[in-house]
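So you can see what is in the structure, the chains are spelled out below.
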Amino acid sequence: MKTHILLIEDEAALVELVRYNLEKEGFRVSAANDGEEGLALLNESKPDLLVLDWMLPHVSGIEICRQIRRKTELRDLPVIMLTARGEEADRIRGLEVGADDYVIKPFSPSELVARIRAVLRRARPSGADEMLTYSGIAMDLAAHRVIRNGRNIHLGPTEFRLLRFFMERPGRVFTREQLLDGVWGRDLYVELRTVDVHIRRLRKAINADGERDPIRTVRSAGYALDDQPDRG
Ligand code: CA
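Remember, predicted model here, so these are calculated numbers, not experimental data. (Residues numbered from 1 in each chain as written. Predicted model: local features only at pLDDT ≥ 70, side-chain atom pairs only at ≥ 80, totals over all residues. Heavy atoms only, no water.)

1. What about the overall build of the protein chain?
Here's step 1: Counting its secondary structure elements, the protein chain contains eight helices and 12 strands.
Here's step 2: Taken against the 2.2 N^0.38 rule, which gives 17 Å for 232 residues, the C-alpha radius of gyration of the protein chain at 19 Å falls within 12% of a compact globule.
Here's step 3: Along the first, second and third principal axes, the C-alpha atoms of the protein chain reach 55 × 35 × 35 Å.
Here's step 4: For the protein chain, long-range pairs separated by at least 24 residues make up 54% of all intrachain contacts whose partners lie at least 6 apart in sequence.
Here's step 5: Carbon and sulfur atoms make up 49% of the accessible area of the protein chain, which totals about 12,300 Å².
Here's step 6: Taking the average place of the 37 positive charges on the side chains of the protein chain and the average place of its 38 negative ones, the gap between the two points comes to 5 Å. (Helix = DSSP H or I, 4+ residues; strand = E, 2+ residues; numbered from the N terminus. Rg over C-alpha atoms; globule rule 2.2 N^0.38 Å. Contact = heavy atoms within 4.5 Å. Areas by Shrake-Rupley, 256 points an atom, 1.4 Å probe, with all protein chains shown as cover. Lys, Arg positive; Asp, Glu negative; His and termini not counted. Charge placed at Lys NZ, Arg CZ, Asp CG, Glu CD.)

2. Concerning the sheet that holds strand β10 (residues 173–174)
Here's step 1: Reading across the sheet, the three strands line up as β10-β12-β11 and stay open at both edges, with antiparallel pairing between neighbours. Because the sheet does not close on itself, it has two edges, and the strands there are β10 and β11 (215–218).
Here's step 2: Sheet topology note: the β11/strand β12 (residues 222–225) ladder contains four bridges and is antiparallel. Bridged to Ile215 within β12 is Leu225.
Here's step 3: Along the sheet, helix α6 (residues 157–167) contacts β10 and β12; its crossing angle with β12, the most-contacted strand, is approximately 70°. (Pairing = 2+ DSSP bridges. Axes fitted to C-alpha atoms, helices over the stretch in contact; angles between N-to-C directions.)

3. A word on the confidence of the model for the protein chain
Here's step 1: With 93% of its residues at a pLDDT of 70 or more, the protein chain has an overall mean of 87.
Here's step 2: The least confident element of the protein chain, judged by mean pLDDT, is helix α4 (residues 88–96) at 74; the most confident is strand β1 (residues 4–8) at 97. (pLDDT = per-residue confidence, 0-100.)

4. What about the pattern of salt bridges?
Side chains carrying opposite charge are able to pair once their charged atoms draw close together.
Here's step 1: For the structure shown, the criterion picks out 20 salt bridges.
Here's step 2: The closest approach of N and O atoms between Lys105 and Glu9, which form a salt bridge, is 3.1 Å. Pair noted here: Lys105 is in strand β5 (residues 101–105) and Glu9 is in the loop between β1 and α1 (12–24), with a separation of 96 residues, a long-range link. Accessibility assignment for this pair places Lys105 and Glu9 in one class, buried. (Salt bridge = Lys/Arg side-chain N within 4 Å of Asp/Glu carboxyl O. Buried < 20%, exposed > 50% of the residue type's maximum accessible area, 1.4 Å probe, protein only.)

5. Section: the domain arrangement of the protein chain
Here's step 1: Under the domain assignment used here, the protein chain contains domain 1 (4–123) and domain 2 (131–225).
Here's step 2: If you look at the interface, domain 1 gives four residues, while domain 2 gives six residues.
Here's step 3: Around 500 Å² of area is buried between domain 1 and domain 2 when both sides are counted, 44% of it from carbon and sulfur atoms.
Here's step 4: When the area that domain 1 buries against domain 2 is broken down by residue, the three leading residues are Glu25, Arg117 and Arg121, summing to 75%.
Here's step 5: There are zero salt bridges connecting domain 1 and domain 2.
Here's step 6: Where domain 1 packs against domain 2, one counts two residue pairs in polar contact (both at pLDDT 80 or more).
Here's step 7: In the side of domain 1 that touches domain 2, the residues fall into one nonpolar, no polar and three charged. (Domains from an automatic or database assignment. Buried area = accessible area lost by both parts, 1.4 Å probe. Polar contact = N/O pair within 3.5 Å; in protein donor to acceptor, adjacent residues only side chain to side chain. Nonpolar A, V, L, I, M, F, W, Y, C, P; charged D, E, K, R; others polar.)

6. Some words on the environment of Trp184
Here's step 1: Secondary-structure assignment places Trp184 in helix α7 (residues 176–184).
Here's step 2: Using a relative accessible area of 15% as the deciding quantity, one classes Trp184 as buried.
Here's step 3: With 11 residues separating them along the chain, Trp184 and Val195 place their C-alpha atoms 9.4 Å apart.

7. Side note on the environment of Ile147
Here's step 1: The residue Ile147 is located in strand β8 (residues 145–148) in this model.
Here's step 2: Look at Ile147 and you get partly exposed, because its relative accessible area is 26%.
Here's step 3: It is 8.7 Å that separates the C-alpha atoms of Ile147 and Ile206, two residues lying 59 residues apart in sequence.
Here's step 4: Excluding its chain neighbours within four sequence positions, the residues that come into contact with Ile147 are Gly136, Ile137, Ala138 and Asn152.

8. Some remarks on the pairing of β5
The side chains of a regular strand alternate between the sheet's two faces.
Here's step 1: The alternating pattern of β5 places Asp101, Val103 and Lys105 on a buried face, while none of Tyr102 and Ile104, on the opposite face, is buried.
Here's step 2: In the sheet, strand β4 (residues 79–84) pairs with β5 via five bridges, with the strands oriented parallel. Across the sheet, Ile80 pairs through a bridge with Asp101, a residue of β5.

Structural data, given as structure tokens:
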């Protein structure tokens, strides 16, 4: 079953941008253009996470957040607020009324996706039934399975841990040292170029002919899992 995200945002262009990017990442998205419609949708459809704009006509984002936290059946709903740049006091108030995180406008779709995944992960700490998806790749952590575009992918244990590390932190660039710490563990002495060897194996395993390589090499920095290779 797809994770259902409700978006309450009055800017139509932003709704479409977010909807497109979240659906591409495998989420189901519904949207409301104002606070009243949003509250109605919240009560009838049971979303897994709410992305909530601060400035809304009729009922403000902050008021919606406050109402959600007062309702027993919505109290645990994860909420990410969208706020304007520089309004530090607002952001603090948002967290005070119970938002789980905030994203500052303007934001990149991949940043929002990363925040959503992080908040969902915190909301479901069991992790056993967890499914990670990014850029056409799906990782079933419980079954230890990886699928890309419908194709089963066989990975060695190190490649599996490496891919999982990236999938949990999409878009971020990691140095070889950080990857060694995160994937191999600090205690082990492993040469830095070991990372390159496993990255090469991982690429070979996940990329079929003609498929875009989702692992970006960042010159003199490291590697990132990133489906927006052109943003520098
Ligand atoms: Ca707005």
